[in-house]
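Summary of the model geometry
If you want the building blocks of each chain, they are given just below.
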Amino acid sequence: MNRSQLKRSRILRMAFSGSTRSEKDESFILRASRIAAVVAVYWFISISMVFLNNYLLDSKELDAPIFITFFQCVVSVGLCWLMHFLSKLCPGFVDFPSLKFDFRVSREILPLTVVFIGMITFNNLCLKYVGVAFYTVGRSLTTVFNVALSYTVLKQTTSFYAVLCCGVILGGFWLGVDQESVAGSLSWTGVIFGIIASLCVSLNAIYTKKVMPVVDGNLWKLSYYNNLNASVLFIPLIVIFGELKSLLAFNRLTHLHFWGMMVLGGVFGFAIGYVTGLQIKFTSPLTHNVSGTAKSCAQTVLAVVHSAASKSKLWWTSNMMVLVGSFAYTWVKGLEMKKVEVPSETRTTTSSQKSKEDSAV
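Residues numbered from 1 in each chain as written. Predicted model: local features only at pLDDT ≥ 70, side-chain atom pairs only at ≥ 80, totals over all residues. Heavy atoms only, no water.

Relative to the helices and strands, S185 is located in the loop between helix 6 (160-183) and helix 7 (188-211). On the accessibility criterion, S185 (37% relative accessible area) is partly exposed. Sequence separation between S185 and G131 is 54 residues, and the spatial gap between their C-alpha atoms is 10.0 Å. (Helix = DSSP H or I, 4+ residues; strand = E, 2+ residues; numbered from the N terminus. Buried < 20%, exposed > 50% of the residue type's maximum accessible area, 1.4 Å probe, protein only.)

Right under this line is the structure:
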């Protein structure tokens, strides 16, 4: 009787294990397809946004980079409210936090907004003066500033291998600047804007962590208040830098194509925040950084092909140094995080084994 029961249980186990395996295979294929789709959407939106911004900023008829950045912030605020209303109408389909303006929250986020304005403005100014092809190298010092600010502000030390990776990035940056100078296409204004933009990106990450509790850890609320504050602060800057005159003198100001491209730039700017979070959710922060590095490589190649430019071997070497250094830094930091996690797991295992031994005694 016991033997027959054992046989039946084995058959049932085999049947269930077979069905579970097929479910696992299906879930793996589905998960892999979702990850591939999310990464593809991230690449498409990110690369499209860079090329679209370059198209808007490179216009010889309209020299108003601050106004273009301001308009993108206004579009982001409008899209936040649209998502808010859609979440009320379709609560099961659209998930978005409830928006209600709070002056206290807006005031506490203001320091981050100042850094945010610097980040997006100098990003666009760097893109305007150096172009898409050199943009990756021109904005490559973010990792270096991350290490420097972690030590000076957060008092966190960095490993030798991580610093070595930063050295490779710095070497690639200076080689890229040298090769742009040799080719006669170097814009020192664009390089300086790129360095400031890299610093602002690093500061933005630090300030974001500080103010997240103010918005209950919700990135969409943070995006709403950040863009709303920026929209207000950009208005006097547009007047001070004389962009209002340039805008009024623009002969395509009433053209639907121009405003359509402006709105599309704002939509891409809003969407990049969503797809970035989506990519991290479906993969990991480490994989997101690797994907971003690979995307930058593809973006550079596309820019060179699009412009039909001829670049020297040393120019390509500088790009590869920046990309390899960035990838290696991500890999090294990932290994360091794993090493931190292993001892705690080991301690947990050891303590559980010891408790078992004590209970056995």
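Additional details are given in the paragraphs that follow.
What follows concerns the nonpolar core. If you look at the biggest cluster of nonpolar residues, it comprises 75 residues, and the most contacted ones within it are F67, I109, F134, V215, L222, F234 and M262. If you tally residues by element for this core, the top one is helix 3 (residues 103-130), at 11 residues. Excluding its chain neighbours within four sequence positions, the residues that come into contact with L222 are I109, L112, T208, V211, M212 and V215. (Core = buried A, V, L, I, M, F, W, Y, C linked by side-chain atoms within 4.5 Å. Contact = heavy atoms within 4.5 Å.)

This paragraph deals with the packing of helix 6 against helix 7. Between helix 6 and helix 7, the shortest axis-to-axis distance is 11 Å and the interhelical angle comes to 160 degrees. As summarised for this structure, helix 6 and helix 7 are arranged roughly antiparallel, according to the angle between their axes. The hand of the helix 6/helix 7 crossing is right-handed. Only W188, V191 and I195 of helix 7 make contact with helix 6, whose side of the interface consists of F173, W174 and V177. Counted by class, the contact of helix 6 with helix 7 contains 6 nonpolar, no polar and no charged residues. (Axes fitted to C-alpha atoms, helices over the stretch in contact; angles between N-to-C directions. Parallel < 35°, antiparallel > 145°, perpendicular 65-115°, else oblique. Left-handed = near helix turned anticlockwise from the far one by under 90°. Nonpolar A, V, L, I, M, F, W, Y, C, P; charged D, E, K, R; others polar.)

Moving on: the pattern of salt bridges. Summed over the entire model, instances satisfying the criterion amount to 6 salt bridges. For the salt bridge of D63 with K128, the shortest nitrogen-to-oxygen distance reads 3.3 Å. Placement of the pair is D63 in the loop between helix 1 (2-57) and helix 2 (65-89) and K128 in helix 3, with a sequence separation of 65 residues. For E336, the salt bridge goes to K333, with nearest N and O atoms at 3.5 Å. One end of the pair is E336 and the other is K333, both in helix 12 (residues 313-360) and 3 residues apart, which spans about a single turn. (Salt bridge = Lys/Arg side-chain N within 4 Å of Asp/Glu carboxyl O.)

On to unusual backbone geometry. The backbone phi angle of D216 is positive, close to 60 degrees, even though this residue is not glycine. For D216, the location among the structural elements is in the loop between helix 7 and helix 8 (219-240). With relative accessibility at 64%, the residue D216 sits in the exposed group. The phi angle at A308 is positive, at roughly 55 degrees, despite the residue not being glycine. One can find A308 in the loop between helix 11 (285-307) and helix 12. Note on A308: relative accessible area 67%, which makes it exposed.

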